[in-house]
Amino acid sequence: QNRRNQQLTAALGMSHAIEVIHASFEDVPRPDGCYDAVWSQDAFLHSGARRRVLAEVERVLRPGGSLIFTDPMQADDCPEGVLGSILERIHLSDLGSFAWYREEARKLGFVEVRTIVLTEQLVRHYSRVREELASRYDAMVRLSHKDYVDRMLTGLSHWIDGGKRGHLAWGILHFRAP
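Described below are features of the structure shown in this document. This is a predicted model, so every value here is computed, not measured.

1. Topic: the side chain of Thr70
The residue Thr70 is located in strand β2 (residues 61-70) in this model. A distance of 2.7 Å separates polar atoms of two side chains, one belonging to Thr70 and the other to Asp42. Residues contacting Thr70, with those up to four places away along its chain left out, are Trp39, Ser40, Gln41, Asp42, Ala43, Trp170, Gly171 and Ile172.

2. Topic: unusual backbone geometry
In this model, Asp42 sits at a positive phi of 55 degrees, which is unusual for a non-glycine residue. The phi torsion at His91 lies on the positive side, around 60 degrees, for a residue other than glycine. Within the secondary structure, His91 sits in the loop between α3 (84-89) and α4 (98-107). Given a relative accessible area of 70%, His91 falls into the exposed group.

3. So, the sheet that holds strand β4 (residues 111-117)
The strand order across the open sheet built from four strands is β1-β2-β6-β4, with neighbouring strands paired in mixed fashion. In this open sheet, the two strands that pair with only one neighbour each are β1 (35-41) and β4. Averaged over all neighbouring strand pairs, the angle between strand axes comes to 10 degrees, with direction disregarded. In this sheet, strand β6 (residues 171-176) lies alongside β2 in antiparallel orientation, the contact comprising five bridges. For Ile68, the partnering residue across the bridge sits in β6 and is His174. Sheet strands in contact with helix α2 (residues 50-60) are β1 and β2, and its direction is about 140 degrees off that of β2. Packing against the sheet, α4 makes contact with β2, β4 and β6, and its axis sits at approximately 10 degrees to β6.

4. Re the packing of α2 against α4
Relative orientation of the contacting elements α2 and α4 amounts to 45 degrees, with a least axis distance of 10 Å. Relative to α4, the element α2 lies oblique. Relative to α4, α2 is oriented so that their crossing is right-handed. Across from Arg50, Arg51 and Leu54 in α2, the residues of α4 making contact are Trp100, Tyr101 and Glu104. Classifying every residue of the contact of α2 with α4 gives three nonpolar, no polar and three charged.

The rules behind these values
- Sequence order as written defines residue numbering, which begins from 1 separately in each chain.
- In view of the model being predicted, local features appear only for residues whose pLDDT reaches at least 70, and side-chain atom pairs are presented and counted only at 80 or more, with totals across whole chains, interfaces and linings using the full set of residues.
- Side-chain calculation: all heavy atoms of the structure are included, whereas hydrogens and water are not.
- Only DSSP runs of H or I reaching four residues or more are called helices, and only runs of E reaching two or more are called strands; each is numbered from the N terminus.
- Polar contact is defined as a pair of N or O atoms within 3.5 Å, subject to the rule that within protein one atom must be able to donate a hydrogen and the other to accept it, and that residues adjacent in sequence are counted only when both atoms are side-chain atoms.
- Pairs of residues are marked as contacts when any of their non-hydrogen atoms sit within 4.5 Å.
- Burial classes follow relative accessibility: with a 1.4 Å probe on protein chains only, a residue under 20% of its type's maximum area counts as buried, one over 50% as exposed, and anything between as partly exposed.
- At least two bridges found by DSSP between two strands are what make those strands a pair.
- Structural elements are reduced to axes, namely lines fitted to C-alpha atoms, with helices fitted over the stretch in contact, and the angle between N-to-C directions of any two is expressed from 0 to 180 degrees.
- In these notes the angle categories are as follows: under 35 degrees is roughly parallel, over 145 is roughly antiparallel, 65 to 115 is roughly perpendicular, and the rest is oblique.
- In this scheme the handedness of a crossing depends on how the near helix is turned from the far one: anticlockwise by less than a right angle means left-handed, clockwise means right-handed.
- Put simply, Ala, Val, Leu, Ile, Met, Phe, Trp, Tyr, Cys and Pro go in the nonpolar bin, Asp, Glu, Lys and Arg in the charged bin, and everything else, Gly too, in the polar bin.

In structure tokens form, the structure reads like this:
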């Protein structure tokens, strides 16, 4: 993905303004205050150390810089224990939520600029991905492995079910660095 992003950035003539790096978002190999903006799309959930990720973002942003991100999350009022099948699949013990991200960002000195809740898009997206994967099942099995494709289909069903039950959330969050 990073290589493709670098190619697309170059093709648009934006390499001077956009830096795509391959690194851990828990330990970004860049100096303090070196970026005007950090954008993340549906990635923070994959870290078991999301507080560390946010602290690292705060470290690399210039004062007043923007953190803009999307992330599949648990709903603020998600009952305890209902996301087990989702968490097991992605090897995590929990997910962030809108309230969790707001509180952690506040602790780091970030100011919330805007949050757009688009939770209905989560079910639509995962349903569409599952439909595409199922419709191309044989080709996907040839490219990877039957067990992997079957686990993906099952996992996507859990995300869809969690979204329909109101246990999941998704949206765009924009914070300004201190």
